[in-house]
Amino acid sequence: MAKRKVVIPEYGTVMKRGVLYYRTRIKDANGKLIALYARTPEELYDREIEALEQIDNATFHRKSPTVAEYCEKWLLMQSVHIRATTLTDYTSKVRRHIIKELGQKRMADVTLDDIQLALVPVSQKSASVYKSVVILYKSIFRAAKESHVIDENPTIYLDAKGGGVPQEERRALTDEQAERLLDAIRGLPPYVFVMIGLYAGLRREEILALQWDSVYLDTDTPYLTVRRAWHTEHNRPVILTELKTKAAERNVPLPVCLAECLKAAKATSVSDYVVANRDGEPLSYTQFKRLWQYIVTRTVKERSYYRYEDGKRIKHTVTPVLGEKAAHNGKVVYSLDFEVTPHQLRHTYITNLIHSSVDPKTVQYLAGHESSKITMDIYAKVKYNRPDQLVRAMGGAFAQWDAV
């Protein structure tokens, strides 16, 4: 195939110190005329092409949106097809960890080094937060590349592995701990919440959105239906009919202890919600934290508070002793020598199902897990890390050899 012949423009000439130069003028990225010189038309042509490419590239970078501008646009585009709670999570992480660090830079100017430096503060967060921020970076810059906002995607070699602070392995409450927890808060506001978590395995957002129209206590087999989710926006509760996943919508049978607890709660309830505030409305985020504080104040976890004394703000540290009463409130007894989280209640429920030899598919359904991998990961850790279960499994595996 014959090589295409390049047509060299007719350039003007100029004499400089007795030497003939070919000359042309082009406009730079700011519209200013600049002159180019060369000894031959071919050399000048090459210089002109190279200079124009550099100017085009500079113009492209200058017109490129800032990271803040494109991130806000990307969030707006996501709002069309993701849940409100997911969008809230994305918005918080994008603004806190991406816009805050790189917001003023042009998208086209961001390098992998820039992103890795911006991720240094995120590496002090949990591994799950670190991973989700990395995924957001990759999603945003991939979208920018596909939309021709940038020429190169700086995140193609970005990896979330090993980033963030490893989370402690979730531990279920023992039967004895669960009993002590219930004894410590019996008759107090968080009691019904804790009972639902321990004996129905609902997520926090599912418990706080649960209404009496989803609790069936008068059937032969009492059960509840998960069909709503609690969410807060600016500390105000929002009840969604769209759940975390399709698998989250499920019917959960109620053990006798939970059914009796809910019957007693319903008899005195003046709200549509099973767990409600004094006005019968769903809890705000602050109100939920206050509810959970009934549990925290009964643990022996060291805590600090501040008081003004003689005009000065003085820090006081309290180291509770198991069995003693709180100095500021004689009704509070330090009766819990372990910490409890809302999710730990759910994890205890799932663990107890597995210990009772409930099959994995049933556990998956009752837990509302969309992925069987989530269930099996928990299942394997719980069931097959117990020595007694390992002995039984090994005994079955090697029975044929014993017979030889």
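Residues numbered from 1 in each chain as written. Predicted model: local features only at pLDDT ≥ 70, side-chain atom pairs only at ≥ 80, totals over all residues. Heavy atoms only, no water.

**Regarding the pairing of strand β6 (residues 229–233)**
β6 sits mainly inside the fold: 4 of its 5 residues count as buried. Relative to strand β7 (residues 236–240), β6 is paired through 5 bridges, and the arrangement is antiparallel. Pairing of histidine 231 across the sheet is with valine 238, part of β7. In this structure, the hairpin formed by β6 and β7 is closed by a connection of 2 residues, where histidine 234 is found at a positive phi of approximately 55°. (Buried < 20%, exposed > 50% of the residue type's maximum accessible area, 1.4 Å probe, protein only. Helix = DSSP H or I, 4+ residues; strand = E, 2+ residues; numbered from the N terminus. Pairing = 2+ DSSP bridges.)

**Considerations on the packing of helix α3 (residues 84–102) against helix α5 (residues 127–146)**
For the pair α3 and α5, the least separation of the axes is 10 Å and the interaxial angle reads 75°. Taken together, α3 and α5 sit at an angle that is classed as roughly perpendicular. Contacts between α3 and α5 involve Tyr90, Lys93, Val94, His97, Ile98 and Leu102 from the former and Val129, Ser132, Val133, Leu136, Tyr137 and Ile140 from the latter. (Axes fitted to C-alpha atoms, helices over the stretch in contact; angles between N-to-C directions. Parallel < 35°, antiparallel > 145°, perpendicular 65-115°, else oblique. Contact = heavy atoms within 4.5 Å.)

**Remarks on α3**
Taking 1.5 Å of rise per residue, 19 residues should cover 27 Å, and α3 covers 25 Å from first to last C-alpha, within 8% of that figure. Maximal helix bending in α3 amounts to about 35°, located at arginine 95. Listed in full, the buried residues belonging to α3 are Thr85, Thr91, Lys93, Val94, His97, Ile98, Ile99 and Leu102. (Expected span 1.5 Å × (residues − 1). Bend = angle between axes of the 7 residues up to and from the residue.)

**Here we look at the packing of aromatic side chains**
Tallied over the entire structure, the rule returns 6 aromatic pairs. Where tryptophan 230 meets phenylalanine 288, the ring centres are 6.4 Å apart and the plane angle is 55°; that geometry is what we call tilted. Here tryptophan 230 is found in strand β6, whereas its partner phenylalanine 288 is found in helix α10 (residues 285–296), with 58 residues between them in sequence. Each member of the pair, tryptophan 230 as well as phenylalanine 288, carries the same accessibility label: buried. An aromatic cluster is present here, built from Phe193, Trp230, Phe288 and Trp292 joined pairwise through their rings. (Phe/Tyr/Trp six-rings, centres within 6.5 Å; stacked < 30°, edge-to-face > 60°.)

**Considerations on the pattern of salt bridges**
What the rule picks out here adds up to 13 salt bridges. For glutamate 72, the salt bridge is made with arginine 95, and the minimal N-O distance between the two is 3.2 Å. A residue pair is termed long-range when its members are at least 10 positions apart, and glutamate 72 in helix α2 (residues 67–78) and arginine 95 in helix α3 qualify at 23 residues. Of the residues examined, glutamate 72 reaches a relative accessible area of 32% and is grouped as partly exposed. When its relative accessible area of 45% is taken as the criterion, arginine 95 is described as partly exposed. A salt bridge links lysine 93 to aspartate 89, with the nearest nitrogen and oxygen atoms 3.4 Å apart. With lysine 93 and aspartate 89 both in helix α3 and 4 residues apart, this pair spans about one turn of that helix. (Salt bridge = Lys/Arg side-chain N within 4 Å of Asp/Glu carboxyl O.)

**Quick look at the side chain of lysine 93**
Residue classification places lysine 93 among the buried positions, given a relative accessible area of 16%. Residues within four places of lysine 93 in sequence aside, it is in contact with Ile98, Ser132, Val133 and Leu136.

**With respect to α2**
Compared with an ideal rise of 1.5 Å per residue, which puts 12 residues at 16 Å, α2 spans 16 Å between its outermost C-alpha atoms and is within 8% of the ideal. For α2, every residue scored as buried is listed here: Val67, Ala68, Tyr70, Cys71, Trp74, Leu75 and Gln78. Relative to the axis of α2, the buried residues are bounded by an arc of 165° and lie together on one face. Buried positions along α2 lie against α3 and α5. (Arc of directions from axis to C-beta.)

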